[in-house]
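Per-entry structural report
Below are the chains, spelled out letter by letter.
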Amino acid sequence: MAGVRRCAAIFTIGVVFIVCVNSQESRLDAGQFREAVNTVQKWLIDLHANKTHSSILKTDFNGNKSVNIKPVKPLELVRKMAEDIQTLLTSKRNALQKIVDHLEDATTTYLWSDDLTLNKSRPLLMKNLDPHNASHEMAYDERLGVEVRYNQSGIHVPLEVYEGYPEILNGLEWSSTVDQVFRENFERDLTLMWQYFGAQTGFMRVYPATRWKVPPNLIDLYDARIRPWYVQGSVPPKDMIILMDRSGSVHGQTFSIMKWAVKTLIDTLGENDFVNVAAFNDTTEWVNNCTYCKANETRQENKDCCQPLVQASTRNKKLLYRAIDDLEDGGMASYSEALIFAYKAFKEFERTRKVGEGANCHKTIMLFSDGGTEWPEDVFKRYLADNDTKNVRVFTYAVGPHPIPTAVLKQMACSTGGQYSVITTSSSVRTKIQTEEMTISLTRPVYNMSDYANTSELLGVAGIDVPIQTLKNLSPFEALGPNGYAFIINHNGFLVMHPRLGRQLSYLLGPPHIDLLDVEEDVGEMEAIRNNMVRGSNGQKVIVGKIRIDDSHRVAYSGIQYDYSPIQNSSYSLGLLTLKRSQHLIIEDHEALWDEQPNVTCTVVAPWPYCRGREGVTQEENLATLMDDIFQRKKSCNDKLVQGLVWSQRWTKPLLDKWMAERVSSEDIIGRAVFTRFGLTRFFPESQKAGASIWRDPLNNPALRRAEISGSVSVIPHTKGAFLSAPVSVKKNNEEVVAGAVGVNLTSSYLRQGFKQSLRHIWKNEDILWILVDDGGLIVTSNRGELHGVVLQGMFLGDLNMPLLKHLKDAGVYNMDHEVDTQALCSDKHNWNNAGPSSYRIPNPLTLLANVLLEVFSWADYFRYIIYSGVLALLTPRSEAFSEWGMTRIGDQESCIMEKTIYYFGETNTFTDFMKCSNYTAEFRATRLESINALLVAIDIGDGSPECGVQSNLPSIVPQRVTSVDPCSYQDRFRERPPTCLMGNSTAGKLGCSGCPRQLQSSLALMLTALGMCRMLLHMGLEH
């Protein structure tokens, strides 16, 4: 066995020396190994050329006037794109202002009517629309991608609001004339999408009308008034401290309702709000006591303690949710101590906050309690006279059904200009606390301008959606190249547009609040770029970093260039990522390219805006329609993209013809494909369409991305073989640019056979294990199909039963990074039967019985609302159960945090060492192939050798779910405050302060009937 050593002991002058010598010469000769590296490299290059026939593609365009190569000027590109986005947003704001003006004018002429009924008003409820019903007059809209009704807007009413209320019917009546403005806007601007108005009473108008969709088996819990677009459009930014009574009297259902209510309140907050939560009994402390401040101590005693308010981002809110769920009750409540704690916290925050921290607009204390008799008069006298706290409003909530005095809570709110409310059941939470394609929502408040209103009462919020795809479509795709992209962040540093900004799991979720540094490398240069963009600066920066090839591969690169510019009259900043000194292929033939109708067989194109209404085509019939639009000039098309697309089709046609004419064995070749920088993909055979479609966007195409940075053959291994690709560059006037990439997908057996054949005349020793590994640690091929019964093809090197990867990593052949994905989706593994009933899903027995009742009482819409509201109220979730507040679960998936390890090539190109196994030592050599993302490894392990028995013990590349979260890992990065602060209604403090507390009015008889029936349903459901 190679590497086995003979040791001799030599004794001299009382000192023992141990000398070890090799029992035989190394069987891994360095010279022969270098020859093997060169041979394998040549084999890969020749194999790609012979199997792809890429030489057919024309590369010399000297003398061709229609093809030009020019350097990319990203600073000019980013400024032009920023101007285009500004123009687009301005046009949308103008349309929005017309909606607001019309609605406010309508309030000046409308007279209230008590005679309105559902039968008379007949609102077009979107839940009742059916595209398959001809009488509903719906048609498919290419712009929106769904069936719509153009003649009027559709209505959505929340589950907990009865559409027959006089307030709802009158609101629908006075706002109905806005449909004329909706239609005019929609017809005038061909890029305009959804327009809507959410009323303070609960209903929502949407134009054009469409069927309101709810995920299967779920109840529709959408309420416009607690959506981020509504809250941020109607409520000014706030610095908020929430005080939760956790004394012994709030045990059981009351405490559960309180936790639910507090999480609901936090869920309504936006990224411009700052918040923290403290729990109190006879002492007070933050629910996440991250700095371990001592409750109710003096400033001197807590001089080293600083517990700031935190930004109400999605990540920070989830940390607060967890802490709230963990609270336990006990002790006696002291309102005085709790309020002193909150007022001191505001003063401390004023003294210690960093630049940009805090809303610096309104300050509120939200106090939740089941009631009490202590009146903290001295506290209010002291702090209402303090300049730092005199404007702090106190809002109080009496929680629970217990008959505990609540007059003090009401008095607290009224004495500070706040508001007092009562929450008796979980179903009243949503009405008491109101403050799937990704879009920007432009919103503006609508006020009552009638002579009958004493003040400008808020009537609702009007909005227009600007899909992120609309902004992305303004990108200079043809100039950015496969590795370039555009992104947008706001004044908080959160992503508005980015290729790695994930889609939301549910339509009820708010913005994900993903910071730029969460998706780009969090290095010093990148943080400086982010902060400059937040400030609204222009700039350009080249950094050394890693290019993301795909989910598992990174390539170190020294010329990643960022250019950025503010989008004027907005809180957004635009950035472009390109490769330094990249070239741009320009096609400028306006006539000659249109002389031949293309064949769209075995073709897919990128989801780019070639022509309006034809984005994202994949099916052949749709692609044929796109090409027909281009050649017949039926639609408005992007001239640069279209000319590049048509040129690509003509350029690749000879190659596709060659593939279709050639007969190859499916035992050798799985398929072949050519990808162009203009978004055209040609493939053969037809069975490769699914894979080609996944890679049709150059930004998601690892072959194209590697082609732009490598200049040689690249290998992409998988369990069935490997995809070999290489760039094809076109040249003109001594300039050169990558126009595309050509690849062949080879079977594992064909690869292994060719690999062994290439090494046979150099190395005839069968006891050597040869492995070709890519730059992510995946095995491309080997001279053995299996090792100790394990298939090697596509295997991760760290999973081998030997410490090879550890040696390579320690030597710098591979580097290792950890990446955290805060936007991941995981399979739902919670046991929901044990966790308590979910707040938004009725258990099956209850669903069946409730549906029977709905059928029986289908004529009574209001009764239907009472049934569902009662069921939801009685099915109060345990605090640890998920709810719609910060809901993370839908179907069998939930949002989660995943961590994964990425391996990539380091600085060491060649390395030789010995691996220590359980019973022997094995020598190995490893050398990177020049210009190819592969590493050749030779290990002196015979085919019959026992297993090594020693692992690398390095993290696997398989993503792992993060189950433990640091409760103090708050999101805290530099931000700029919004330039304006909306002023609240001057009469807000009087709400709920005179007469009875504000409660949802309803028929007592119906409420009692429903309550009894729901209790019966609950009892029967629990028995099941």
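Residues numbered from 1 in each chain as written. Predicted model: local features only at pLDDT ≥ 70, side-chain atom pairs only at ≥ 80, totals over all residues. Heavy atoms only, no water.

**Quick word on the sheet that holds strand β40 (residues 934-940)**
So the rule is basically this: Pairs of strands are assigned from DSSP output, requiring at least two bridges between the strands. Secondary structure elements follow DSSP: runs of H or I no shorter than four residues count as helices, runs of E no shorter than two count as strands, and numbering proceeds from the N terminus. Here, axes are lines fitted to C-alpha atoms. For helices the fit covers the stretch in contact, and angles between N-to-C directions go from 0 to 180 degrees. Any two residues whose heavy atoms approach within 4.5 Å are treated as being in contact.
Here we have five strands laid out as an open sheet, ordered β32-β31-β40-β39-β38, and antiparallel in their pairing. Unpaired on one side and paired on the other, β32 (779-782) and β38 (910-916) mark the two borders of the sheet. Adjacent strand axes in the sheet meet at a mean angle of 20 degrees when their direction is disregarded. Across seven bridges, strand β31 (residues 768-774) lies against β40 in antiparallel orientation. Bridge pairing in β40 places Ile 771 opposite Val 937. Relative to strand β39 (residues 921-928), helix α1 (residues 30-52) is tilted by about 45 degrees, and along the sheet it contacts β31, β39 and β40. Strands β31, β32 and β40 of the sheet are contacted by helix α21 (residues 748-760), whose axis makes an angle of about 60 degrees with β32.

**Let's talk about the confidence of the model for the protein chain**
Where the model shows low pLDDT, its predicted coordinates should not be examined in detail. Note the threshold: On a scale of 0 to 100, pLDDT captures the predictor's confidence in every residue.
Across the protein chain, pLDDT averages 82, with 80% of residues at or above 70. Below pLDDT 50 for its whole length, residues 1-24 participates in 30 contacts with residues either more than four positions away or in separate chains.

**Considerations on the state of the cysteines**
Worth spelling out the cut-off: Cysteine sulfur atoms that come within 2.5 Å of each other are treated as a disulfide pair. A simple rule labels every residue: compare its accessible area, found with a 1.4 Å probe on the protein chains alone, to the largest value its type can have, and call it buried under 20%, exposed over 50%, or partly exposed in between.
Applying the stated criterion across every chain yields a total of three disulfides. The partner cysteine of Cys 826 in its disulfide is Cys 896, sulfur to sulfur 1.8 Å. Disulfide Cys 826 to Cys 896: torsion about the S-S bond roughly 75 degrees, handedness right-handed. Of the two residues, Cys 826 sits in strand β35 (residues 814-827) while Cys 896 sits in strand β37 (residues 893-905), which places them 70 residues apart along the sequence. According to the relative accessible area criterion, Cys 826 is buried, its value standing at 7%. A relative accessible area of 7% means that Cys 896 is categorised as buried.

**Re the packing of helix α7 (residues 253-267) against helix α8 (residues 314-325)**
For any two helices packed against each other, one specifies the inter-axial angle together with the distance between the axes. We count it as follows: Every angle not falling under 35 degrees, over 145, or within 65 to 115 is termed oblique; those three ranges are roughly parallel, roughly antiparallel and roughly perpendicular. Each residue gets one label: Ala, Val, Leu, Ile, Met, Phe, Trp, Tyr, Cys and Pro are nonpolar, Asp, Glu, Lys and Arg are charged, and the others, such as Gly, are polar.
Contact geometry for α7 and α8: axes closest at 10 Å, N-to-C directions at 170 degrees. As the angle between them shows, α7 and α8 are arranged roughly antiparallel. From α7, Lys 259, Val 262, Lys 263, Ile 266 and Asp 267 reach across to α8, where they touch Lys 317, Leu 320, Tyr 321, Ile 324 and Asp 325. Split into classes, the residues belonging to the contact of α7 with α8 amount to five nonpolar, no polar and five charged.

**Observations regarding the packing of aromatic side chains**
Which entries qualify depends on this criterion: Aromatic contacts are taken between Phe, Tyr and Trp rings whose centres are within 6.5 Å, Trp giving its six-membered ring; a plane angle under 30 degrees counts as stacked, one over 60 as edge-to-face, and the others as tilted.
For the structure on display, the rule yields 31 aromatic pairs. Between Tyr 150 and Phe 186, the ring centres sit 6.1 Å apart and the planes meet at 45 degrees, which makes this aromatic pair tilted. Of the two residues, Tyr 150 sits in the loop between β5 (146-149) and β6 (154-156) while Phe 186 sits in helix α5 (residues 178-188), which places them 36 residues apart along the sequence. Owing to a relative accessible area of 31%, Tyr 150 belongs among the partly exposed residues under this scheme. Measuring from ring centre to ring centre gives 5.0 Å for Trp 647 and Trp 651, while their planes differ by 15 degrees; the resulting arrangement is stacked. Of the two residues, Trp 647 and Trp 651 are both situated in helix α18 (residues 639-661); the distance of four residues between them amounts to about one turn of the helix.

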